[in-house]
Each structure stands twice: as C-alpha cells, then as structure tokens.
Amino acid sequence: MDLSLSRCFVLAVCVCAAVSVVSGDDGDVGHTAGANGAPVRLSDSDPGLLKALKFAEERYNMQSNGMHIRRVSKIISATRQLVKGMRYSITAEIGRTQCKKSAELHVIEDCEFFQESHKQKVSKPGCRRELMKSDDNNNNHYNNNVPKETKNIVRVPLSRDKPNQETVDLLMQFKDFMVKYNRTYASQEDAEKRLGIFQQNLKTAQTLQALDQGTAEYGVTKFSDLTEDEFRMMYLNPMLSQWSLQKQMKPAAPVSKAAPDSWDWRDHGAVSSVKNQGFCGSCWAFSVTGNIEGQWFKKTGQLLSLSEQELVDCDKLDQACGGGLPSNAYEAIENLGGLETEADYSYSGHKQKCEFSSGKVAVYINSSVELPKDENDIAAWMAENGPVSAALNAFAMQFYRKGVSHPLKILCNPWMIDHAVLLVGYGERSGVPFWAIKNSWGEDYGEQGYYYLYRGSNLCGINKMCSSAVVN
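Everything numeric in this text was worked out from a predicted model, so none of it was measured. (Residues numbered from 1 in each chain as written. Predicted model: local features only at pLDDT ≥ 70, side-chain atom pairs only at ≥ 80, totals over all residues. Heavy atoms only, no water.)

**Let's talk about the overall build of the chain**
Stage number 1. Within the chain, the secondary structure is distributed over 10 helices and 15 strands.
Stage number 2. The buried share of the chain, taken over its 472 residues, is 54%.
Stage number 3. Restricting to contacts in the chain with at least 6 residues of sequence separation, those with at least 24 account for 77%.
Stage number 4. Just so you have it, the chain exposes about 21,000 Å², and 49% of that area is on carbon and sulfur atoms. (Helix = DSSP H or I, 4+ residues; strand = E, 2+ residues; numbered from the N terminus. Buried < 20%, exposed > 50% of the residue type's maximum accessible area, 1.4 Å probe, protein only. Contact = heavy atoms within 4.5 Å. Areas by Shrake-Rupley, 256 points an atom, 1.4 Å probe, with all protein chains shown as cover.)

**Some words on the state of the cysteines**
Stage number 1. For the coordinates displayed, the defined rule picks out 4 disulfides.
Stage number 2. Here Cys99 engages in a disulfide with Cys111; their sulfurs sit 2.2 Å apart. Taking the sign of the S-S torsion, -105° for the link of Cys99 and Cys111, the bridge is left-handed. Highlighted residues: Cys99 in strand E3 (residues 85-100) and Cys111 in the loop between E3 and strand E4 (119-129), separated in sequence by 12 residues. No difference in accessibility class separates Cys99 from Cys111, as the two residues are buried.
Stage number 3. A sulfur-sulfur distance of 2.0 Å marks the disulfide that ties Cys314 to Cys354. With the S-S dihedral at roughly 100°, the linkage between Cys314 and Cys354 falls on the right-handed side. Linking Cys314 in helix H8 (residues 309-314) with Cys354 in the loop between helix H9 (326-336) and strand E8 (367-370), this pair joins segments that are 40 residues apart in sequence.
Stage number 4. Judged by its relative accessible area of 6%, Cys314 is buried.
Stage number 5. The connectivity of the disulfide-linked cysteines in the chain, indexed sequentially, is 1-2, 3-5, 4-6, 7-8.
Stage number 6. Cys283 takes part in no disulfide bond, and the closest cysteine sulfur, belonging to Cys280, lies 9.0 Å away.
Stage number 7. A residue is classified by how much of its surface remains accessible, and Cys283, at 0% relative accessible area, is buried. (Disulfide = S-S within 2.5 Å.)

Any functional reading would require information that these geometric values do not contain.
Below is the structure:
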C-alpha cells in the first residue's frame, strides 16, 4: 500500500508497500473495482478503506512533530481503483486528539478529539495497496499453524515517539526483509517479537563481519528473524556432533595423483541443482544423495536427481528431521536396495510412511568409504572421484551472504559439527583458497545456494567427516 498524506508522508511512500495488510475480507476486490481500472466510489464503512485510513494515521503520527496523536475525523471522499494492486484516492480531515505521543501504545480509535477545532484538510491522491500473497513454496515457518483464511501480513510495529534515523533505518531494513522473503506473522505481538530478533541479529552479523578474516559479507538473510536456538532446531543436525554414534567406515583408497590447483564438478555436469530441506533437519540426506548423484554420474554419465524423502521416511538408523549421519544413510541405502529419483519419491520436508518401491530404484551403491583428514588429500580425492559428503560447524552460516567465509577458529569449534553439506569444488579467489560447498537451504541462500569456506586450516571441522558412496 503506497500512501501519500500531503508533504509529510514522503517517508510513508517508501515504507508502506512492505507493511500492507492482506486478509480474507479483501476477497471481493475484483467485484468492487470498476471495469478496466475505473475508480469506484466507496462508502465510509468499506473494510479496505478503513485499513488504508488506519495505516495513514499511523504514518502521519510517526512523521508529525505535534505532541498529540491525530486521527481522521471526517472522510470527505474516497475511491478505489484496480491497477497493479489497489489504489485508494482519499480526501479526509484529520483532527487533534487528547492522547499524547509516548512510549505507551494507544488505540487511536479510543482517543477523543479536543472540543476546539484543530483540523487540517489532507489529500491522499496515491494510496496504492499491493496485493501480496503468501507463497507456500517459500516454506514460511510462521504460516504453518495459521489457517489460510486468517493469515495476515501484519504491519511493522511502530513507536508513538517520533522515530530517530536509526529507528527509521531499522524499519526500512525489516520492511525489505518482509517483502523479499514474503514473511508473514500470525499476530502483531509476533511481528514485534520478530522485529526485536531481527535487530539483534543485525548486530550479530556486524560482529561476524568485524571478526571475519576472509572476504565474506554477512548481513540480512532469510534467517534474520530467527533466534540462534530456532535456527539450530529448524535447520541443523544435532546428531553430527555425537561422536559415539559414528560408525567405523573403511578408508578410501589413496588417489593416483596430486590435487590440481582448482577443480569444480559443476563444470563437469556432476552436480544437480540446489535443493531446499525446509524446516527439517535432513541435511544429512541431502549431503548423501548429492554425493551419490555425483558417483552415479561418474560411472554412467547420467545425472539423476535422487530422493531425500526416501531416506527421511525409510532410513531406520537415523532420526528423519531430527538429524542423521551419512554413515548410517549409506548403510540404509544398501539395505533398501537403492534410491528412487526425486520425481518418483518427492520431498515433503516431514517424516511420512515409507513408500519405497524396489521396482522404482534408479541407482544403487555397493559400499561407502571415509576420506583422510588432510585437506590436500580430500581435494585430490574429490578431483579424481567426484563430489564429497562433508559436515561442518555452521557457526558463520546463518547470516552469510557471499564471499569466502573465514571465521576465527576459536569461534568455530571443529568438534562441534552440526550441518552436513556437499563439497563440489575448490580453488582460489584473489589469492584466498576456498571450498565450494553446495548447501540445502535453497537457491536464495548465500551465492545461489552455495557457501564458500576458507580452505587450508581445517576450519570449522570441514575435514572431520568426509565420505563417499562407492558404485562399482
């Protein structure tokens, strides 16, 4: 919704598109707008008009220098026009109320006017309301328990105090975040809570940036309204750090030649597109299927996208969305008899009844091996044999945007591994050595779904749990 209340709403024009309200009572928009975008006169009780006015009042009071809250006292005229979204044209009078601006929140409708006239006429010629819809494919975790007919995009919480520049900047960033990631919240209280978390996470990202020794950029990501605990619970894998659960694997055969200066299996057709594990700690399944996709390609020349959901549902050795170990997954695949394709056994992001069909097996494996712990040996093995299943401490990943990440070693404990990934390549950028890591958080994470980590100092435990399936 773009609102312009005379000159004092220049800021609101910039902010409001991100904080418009969308709810079930706007379902009749197509019936009340005129043909071919012609404006339609509205009654004073029109629900969409009332929301537009409420929005305008809040922005007017945020920008006003007056001590008292003002609200609309009279609607002179109002029309609605269907354009790219919904445009309201409203002329109204705004009157001064007896409520003073303070940190205490007021319900504007409860604020009574002064008896004397303190009114001014305000014209709002360009009130455009964007029709924003939730995209279920974005895995919006705040939508999951809210019935579709009651989901709202809740306005950004605002103080009744005149905002300083820092507050305005914060709201602008939160607005941009909500739009970019189609974020919705179930209530105003939740929106205010998430704004507070977002603000704290900006500070955390700034600290990461200040301490990073590489070329990485940290900042706002799609995880910026999650606490550290929520992020860990939704996306990481607690089983990986439990060393007592690790099964002994046979060592990989040594390679025949030294590692080339750089290598990237994406350039050779062995890597499928980036996938999204959603709100499920199934990174272990994506790491293993990515490795097997590469192994199968290496042997047959055919790249298939394989089913992670088969492992989530049918691997009895692991904990589905509660985490798992690559060593267990290889064993489970051998016991099942192979993997189906993504097309035949598609991903849902939660554990279901096992629907594995041996008649639909697309690939099989014969065994699995553990790689050496030296990074040069890992690079050489990968260049010769294919992408490698790996795991690492995801300390710096929540707010990673691009570049080569190089957190302080003391902050990224190599023994506290909590996320499984796929090593697909390595090289240097401006003299900085890196691992190219395929992640499973969607293409809107990092660099088109990839994370780049400094290579050469066993950083974040990247060398601790490298493995691969074997296809004979």
